[in-house]
2 protein chains.
Amino acid sequence: MNWTLASSASLNTNIQQAAEARQAQLTKPAGSLGELETIAVRLAAMQGSEQPKVQQPYIAIFAGDHGIANEGVSAFPQIVTGEMIRNFARGGAAISVLAKAQKAVLHVYNCGTAYPVEPLAGVTDCSIAAGTANFLHQPAMTSTQLEQALAIGQKAIEDAQAQHCDVFIAGEMGIANTTPATAIACALLNVKPNTITGRGTGIDDKTRNHKINVIEQALQYHRAALTTPLSILQIVGGFEIAAIAGAYIAAAQAGLPILVDGFISSAAALVAVKHNPSVRDWMFFAHASAEPGHVVMMQALNAKPLLDLGMRLGEGSGAGVAVSIMQHACNLHNQMATFAQAQVSEGKAAH
Amino acid sequence: MNWTLASSASLNTNIQQAAEARQAQLTKPAGSLGELETIAVRLAAMQGSEQPKVQQPYIAIFAGDHGIANEGVSAFPQIVTGEMIRNFARGGAAISVLAKAQKAVLHVYNCGTAYPVEPLAGVTDCSIAAGTANFLHQPAMTSTQLEQALAIGQKAIEDAQAQHCDVFIAGEMGIANTTPATAIACALLNVKPNTITGRGTGIDDKTRNHKINVIEQALQYHRAALTTPLSILQIVGGFEIAAIAGAYIAAAQAGLPILVDGFISSAAALVAVKHNPSVRDWMFFAHASAEPGHVVMMQALNAKPLLDLGMRLGEGSGAGVAVSIMQHACNLHNQMATFAQAQVSEGKAAH
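The shown structure was predicted, so the numbers you read here are calculated from the model rather than taken from an experiment.

When chain B is fitted to chain A, the best match, at an RMSD of 0.0 Å, comes from turning it 180° and sliding it 0.0 Å along the axis. The superposition operator between the copies reduces to a two-fold rotation axis. Here 100% of the interface residues in chain B have copies in chain A that are interface residues too; the copies meet face to matching face.

Residues and elements named next belong to chain B. Across the six residues that make up strand β2 (residues 105-110), a large majority, five, are buried. Across six bridges, the pairing between strand β1 (residues 57-63) and β2 is parallel. Paired with Ala60 across the two strands is His107, which belongs to β2.

Let's shift gears to the pattern of salt bridges. Residue and element names in this part refer to chain A. For the structure shown, the criterion picks out 12 salt bridges over all chains. Lys28 serves as the salt-bridge partner of Glu37, at 2.9 Å between the closest nitrogen and oxygen. Here Glu37 and Lys28 have matching classes, each one buried. Glu118 serves as the salt-bridge partner of Arg86, at 2.8 Å between the closest nitrogen and oxygen. Highlighted residues: Arg86 in helix α3 (residues 79-90) and Glu118 in the loop between β2 (105-110) and β3 (123-125), separated in sequence by 32 residues.

Two pairing modes exist for strands in a sheet, parallel and antiparallel, and in both the strands are linked by backbone hydrogen bonds. All names here are of chain B. A sheet is described by the order of its strands in space; here six strands give the open sequence β3-β2-β1-β4-β5-β6, paired in parallel fashion. Looking at strand neighbours, the two that pair on one side only are β3 (123-125) and β6 (283-285), the edges of this open sheet. Adjacent strand axes in the sheet meet at a mean angle of 25° when their direction is disregarded. For strand β5 (residues 258-260) and β6, the ladder comprises three bridges, and the chain directions are parallel.

Listed by partner, the interface residues are 60 residues for chain B and 60 residues for chain A. Between chain B and chain A lies a buried interface of about 4,600 Å² when both sides are counted; carbon and sulfur atoms form 63% of it. Linking chain B to chain A there are zero salt bridges. The interface formed by chain B and chain A holds 18 residue pairs in polar contact (both at pLDDT 80 or more) in total. At the level of secondary structure, the elements contributing two or more residues to the side of chain B that touches chain A comprise α2 (35-47), α3 (79-90), α4 (94-101), α13 (317-335) and α14 (339-342) of chain B.

Our next topic: α3 of chain B. Residues separated by three or four positions in an α-helix point in the same direction, a consequence of the helix having 3.6 residues per turn. Its 12 residues give α3 of chain B an end-to-end C-alpha distance of 17 Å, which sits within 8% of 16 Å, the value for a rise of 1.5 Å per residue. The complete set of buried residues in α3 of chain B reads Val80, Thr81, Gly82, Glu83, Met84, Ile85, Asn87 and Phe88 of chain B. Packed against the buried residues of α3 of chain B are α14 (339-342) of chain A together with β1, α4, β2, β3 and β4 (167-173) of chain B.

In this section: the domain arrangement of chain A. Residues and elements named next belong to chain A. Taken domain by domain, chain A holds domain 1 (7-51 + 333-342) and domain 2 (57-327). Look at where the C-alpha atoms of domain 1 and domain 2 centre, and you get two points 31 Å apart. The interface is formed by 12 residues belonging to domain 1 together with 16 residues belonging to domain 2. When the two sides are added together, the surface that domain 1 and domain 2 hide from each other amounts to roughly 1,200 Å², 60% of it contributed by carbon and sulfur. Where domain 1 packs against domain 2, one counts one salt bridge. The salt bridge involving Lys304 is made with Glu35; its shortest N-O contact spans 3.0 Å. At the junction of domain 1 with domain 2, the criterion picks out seven residue pairs in polar contact (both at pLDDT 80 or more).

Attention shifts here to the packing of aromatic side chains. Taken as a whole and judged by the stated rule, the model has six aromatic pairs over all chains. Residues Phe168 of chain A and Tyr248 of chain A carry aromatic rings whose centres are separated by 6.4 Å and whose planes lie at 80° to one another, so their mutual orientation is edge-to-face. In this pair, Phe168 of chain A is assigned in strand β4 (residues 167-173) and Tyr248 of chain A in helix α10 (residues 239-254), connecting sequence segments 80 residues apart. Accessibility expressed as a relative area gives 0% for Tyr248 of chain A, which makes it buried. The ring of Phe284 of chain B has Arg42 of chain B lying over it, and the distance from NZ or CZ to the ring centre is 4.3 Å.

So, how was this worked out
Residues numbered from 1 in each chain as written. Chains lettered and ligands numbered in written order. Predicted model: local features only at pLDDT ≥ 70, side-chain atom pairs only at ≥ 80, totals over all residues. Heavy atoms only, no water. Least-squares fit on C-alpha atoms with pLDDT ≥ 70 in both. Contact = heavy atoms within 4.5 Å. Buried < 20%, exposed > 50% of the residue type's maximum accessible area, 1.4 Å probe, protein only. Helix = DSSP H or I, 4+ residues; strand = E, 2+ residues; numbered from the N terminus. Pairing = 2+ DSSP bridges. Salt bridge = Lys/Arg side-chain N within 4 Å of Asp/Glu carboxyl O. Axes fitted to C-alpha atoms, helices over the stretch in contact; angles between N-to-C directions. Buried area = accessible area lost by both parts, 1.4 Å probe. Polar contact = N/O pair within 3.5 Å; in protein donor to acceptor, adjacent residues only side chain to side chain. Expected span 1.5 Å × (residues − 1). Domains from an automatic or database assignment. Phe/Tyr/Trp six-rings, centres within 6.5 Å; stacked < 30°, edge-to-face > 60°. Lys NZ or Arg CZ within 6 Å of the ring centre and 35° of its normal.

Written out as structure tokens, the structure is:
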């Protein structure tokens, strides 16, 4: 897993300065496009181009099941993970609809489901096992399985590059996966489970209390071994979460901008950045999840998400919406006239 | 001006219930698309269609100059209003770029500029006067001028309907127009100018203090006459703000959904809703403006804007970005598979 520690690609600071200078000359009061200006300038620095673009998103959905689901922490049965893989492939899921609207490449990486899934177009079977082990009693995965999961993410970035994509979005599907994501946040940020455990797909108060107990017990049981971001990922994580962490690291190393989705993806982002801090420079954050633990993760990542629409679906759906914001930012940067071009007088504030 | 008091079109509650029922059957945890679900359901009720759509936005930019600009309350010279009208027409402004990306109809209504503007394609000359009067010393406009300005907005809605547009966006251009918009908010909501006056296009502390004094003096001078929403609009408003208020009222009466932009548009929305409360049902709110007075207006309108990106440009630019959110909401509502169609198992929470 040594590859995961290699530095991320460098940002082009000359281009960044040129992009900042251009923003100051566009026909608008300085700074009046707010975060849209920041997005365009950051993308220019990442892409080494004065004309940044987000025309071809790559949306990789990593799916996997979780042994912890046996503890009854989710509102949905585990068979839904595989059923949703079929739904992604057939175009009926939220992220399928968004990918179509964005003209994005959508590809599913099956990291290992509890119930078998037949071969499907648009789905690569990378199954590591029929779901992780139940981390209430043993590590969710072995060291070898963690390595395999990280490599699935690395492979997804190779696929994205082979298709000349210009922004990377990870989505996920895995019944019960807010439980490992919450456990990761608690272990990495030293936060108590009762302060950040949420309702996932919609559990009631009683089930939420049970979910808190399960996470508390698991963290207590494994406490001596939860020493590094990767050990936490291995012990209380999931195949799809590890694949996303691997993908983020590989994307940053390859110089591919990342748009992080919601709660599960942010847990993977947190692991990736804690393990290899250079990855952070390559990340945009799509939306504030309705899961209560997301705020804590965003603070730890020093991130302000682009959208706050009360979404809590996963699949990459928040990023599938937010990519439009990045596209508008690029269009404005590239296509607006300068004061000189438009013969518009500048303000006192613009000098 | 009696037309402005007629009721808005009715929402179709049968279709609304059908849309809510459909949302509950789509392959996602109930409520997990957050505000995107609300948008789709509201649009369905407005359009009387189980397949709501936002495919053809009409973006009307109302431009006008302000006598109050003579008090030195803006960072930009007044000639910029006309210069920006040319920039809109030539495609170089932010809203021009966004309109192109959204395949929207963009049309400028010149309500009266201080400097003459030659005939331009895409610009209708509706000039009432060469800007409003300086409301520090007299009402910004006469009763007749207010009627003319409201009618410009009404005409814009006729134009939008003639082109079969499915959502209405008002933008504005008028150097110094955060000053009348702030004065309107103060008068309508009984708020002190020093608590909500902002920096507009980017004025310094000294100019901001002067701007506060100007607004305070004007409100004091006219206090006996500031008795109704329309009298406030006439006395401390502007031609373009009145045109937007008229357009919002006419849009709601015509059954055309409205996407309100930022600070100036929200001042017009506030006048429209205070004058004719039935208009509120037809409004979506695009973005939280960086102008400090916007929060107060959103509270008064019981509105939560879709975006919060630190924008403060005007022109309809926040709405030009946010219309993408509405489009995604429609696509998801219309195109996602139901649990039954996709053969996906439902969760306990979904029952």
